[in-house]
Amino acid sequence: MAGIVVIAEALNGTLNEVSLELLSKGRELATSLGQPLIAVLAGEGLDALAPPLQSADRVVLLDDPALGKFTPDAHEQAIAAVIAPMEPRLVMIGNTTAGMDLAAGLAARLHWPLAAYCTGVRMEASDLIGVAQLYGGKLFAEVELGSQSVIISVIPGSFPAVAPGGTGVIERAAVPAGKSRTRFKELIALEAADVDIKKAQALVSVGRGIGGPENLDIVQDLARAIGAEVAASRPVVDSGWLPKARQVGKSGLTVKPKLYFAVGISGAPEHLQGMKDAEFIVAVNTDAAAPIFEVAHLGIVADALEFVPALTERVRAGA
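A word on unusual backbone geometry. Across the chain, the bulk of peptide bonds are trans and the bulk of non-glycine residues have phi less than zero. Positive phi, close to 45°, is recorded for Glu 87, a residue that is not glycine. Its place among the elements puts Glu 87 in the loop between α2 (72-83) and β6 (90-94). With a phi close to 60°, Ala 125 is a non-glycine residue in the positive phi region. By the element assignment, Ala 125 lies in the loop between β7 (114-124) and β8 (127-134). Residue Ala 125 is classed as exposed on the basis of its relative accessible area, which comes to 77%.

Moving on to the environment of Ser 149. On the secondary structure map, Ser 149 appears in the loop between β9 (139-144) and β10 (150-154). Accessibility expressed as a relative area gives 6% for Ser 149, which makes it buried. On a C-alpha basis, the gap between Ser 149 and Ile 197 in space is 38 Å, while along the polypeptide they are 48 residues apart. At 2.6 Å, the side chain of Ser 149 and the backbone oxygen of Pro 88 are in polar contact.

Between its terminal C-alpha atoms helix α7 (residues 304-316) stretches 18 Å, which fits the 18 Å expected from 13 residues at 1.5 Å a residue. Every buried residue of α7 is listed here: Ala 304, Val 308 and Thr 312. The arc that holds the buried residues of α7, viewed along the axis, is 55°, so those residues lie on one side. Turned more than 90 degrees away from the buried face of α7 sit Glu 306, Glu 313 and Arg 314, all of them exposed. For α7, the N-terminal cap is Asp 303; the gap from its side-chain oxygen to the backbone nitrogen of Leu 305 is 2.9 Å. Among the residues trailing α7, Gly 318 stands out with phi positive, at a value near 80°.

Glancing now at the pattern of salt bridges. Overall, the coordinates contain eleven salt bridges when judged by the stated rule. In this structure, the salt-bridge partner of Lys 25 is Glu 28, at a minimum N-O distance of 3.1 Å. Of this pair, Lys 25 and Glu 28 both sit in helix α1 (residues 17-33), three residues apart, which is roughly one turn of the helix. A residue is classified by how much of its surface remains accessible, and Lys 25, at 12% relative accessible area, is buried. Note on Glu 28: relative accessible area 42%, which makes it partly exposed. Salt-bridge contacts for Arg 172 lead to Asp 47; the nearest nitrogen and oxygen are separated by 2.0 Å. One end of the pair, Arg 172, is in strand β11 (residues 169-172); the other, Asp 47, is in the loop between β4 (37-43) and β5 (58-63), with 125 residues separating them in the sequence. Asp 47 matches Arg 172 in its accessibility class, with the two residues each being exposed. When salt bridges that share partners are traced, they join Asp 47, Asp 63 and Arg 172 into one network.

Thresholds applied
Residues numbered from 1 in each chain as written. Predicted model: local features only at pLDDT ≥ 70, side-chain atom pairs only at ≥ 80, totals over all residues. Heavy atoms only, no water. Helix = DSSP H or I, 4+ residues; strand = E, 2+ residues; numbered from the N terminus. Buried < 20%, exposed > 50% of the residue type's maximum accessible area, 1.4 Å probe, protein only. Polar contact = N/O pair within 3.5 Å; in protein donor to acceptor, adjacent residues only side chain to side chain. Expected span 1.5 Å × (residues − 1). Arc of directions from axis to C-beta. Salt bridge = Lys/Arg side-chain N within 4 Å of Asp/Glu carboxyl O.

In C-alpha cells form, the structure reads like this:
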C-alpha cells in the first residue's frame, strides 16, 4: 500500500480550485510518508487540464466521451478500476456537489472507509488523523484513519492551493467498458453575476442584523467608501435582499479577501466556513457573545445602523 491519491475535478473545461487545494495538502502528506502523490482526473478532452496538476508525481487521465458529463456510476467505475490496484494510503476528494456522490460511491464500491466533511488531515507519528465537521460545523471530530486504504472528502477552502504546474509524469489509463444507470440531462447554471466576490480584495458583508432591505444603503455606502464589494449571509439571500452570487458560506462561496467587514452577522458555523481565512476580519454586532467575534480580529459591539454611517462619514472625511 503506497501513495496519496487526489481525485481532481473539472467542469466545462475548467479545473475546480479544490483540486489544487487537495494537491497542496497531498504533497505535504506524501512527503511526510515518503510516498508518491498521484492526481487522477476523469472526463473528456483533458489535454489542457493535465499541466496544472503536474505538481503531483503522476497525473493519470481517464479521457473518454462516456465521462464527458459527470454521472456518479460511470465515474465511480472508471476511477475505481484505476485506484484499486494502487492500494493508496489515502484518497482525497473535494466535498463538492459531484464529490459527495463520488466519495460515497467509491467507498461503497471498494469497501474502503470514508470520512466525509473533513476540514483537516495531519500526520501524528505514522498515523493519519482526519478532522471532520458535524452538525454544520457545530462539532469537530478527530478520526484515526487507520493503516488501510481510506477516502476523505474535504470541504473546499480548507487548505491553501498549490501553484499550478510542475514536472509530474502524465499518463493515460484505459477506461473500462461499463454501463451507466444514470444519464446526464442538463446543467442548470446560475445567472451571470455582476461581480465575483471571490476575487474581491475587500468585502462588506451584511446579515439580518441590519433589520431589513431598506437599510442596505448604509452597507453599500461603506463599501463604496472603502473600495469594497457587498456580500451577504445566507438569511439575507434567502430573504431576497441580495442575489445568490453574493452569498458567503457553506452553501454559498468561500472567500479570502484582505478585509472582511461583517455587519449584523451573528456568525453561524455555515457562514464562518466561508470567510474565516480572510486576512483581517472586522465585525459589528449588538451581541457581545456573537460567534462572529471568535474569528474577528477587531470586534465592535454597537448598533450597525448607527456605527456604519458614522464610520462611512469618517472615511469620506479622510479621518
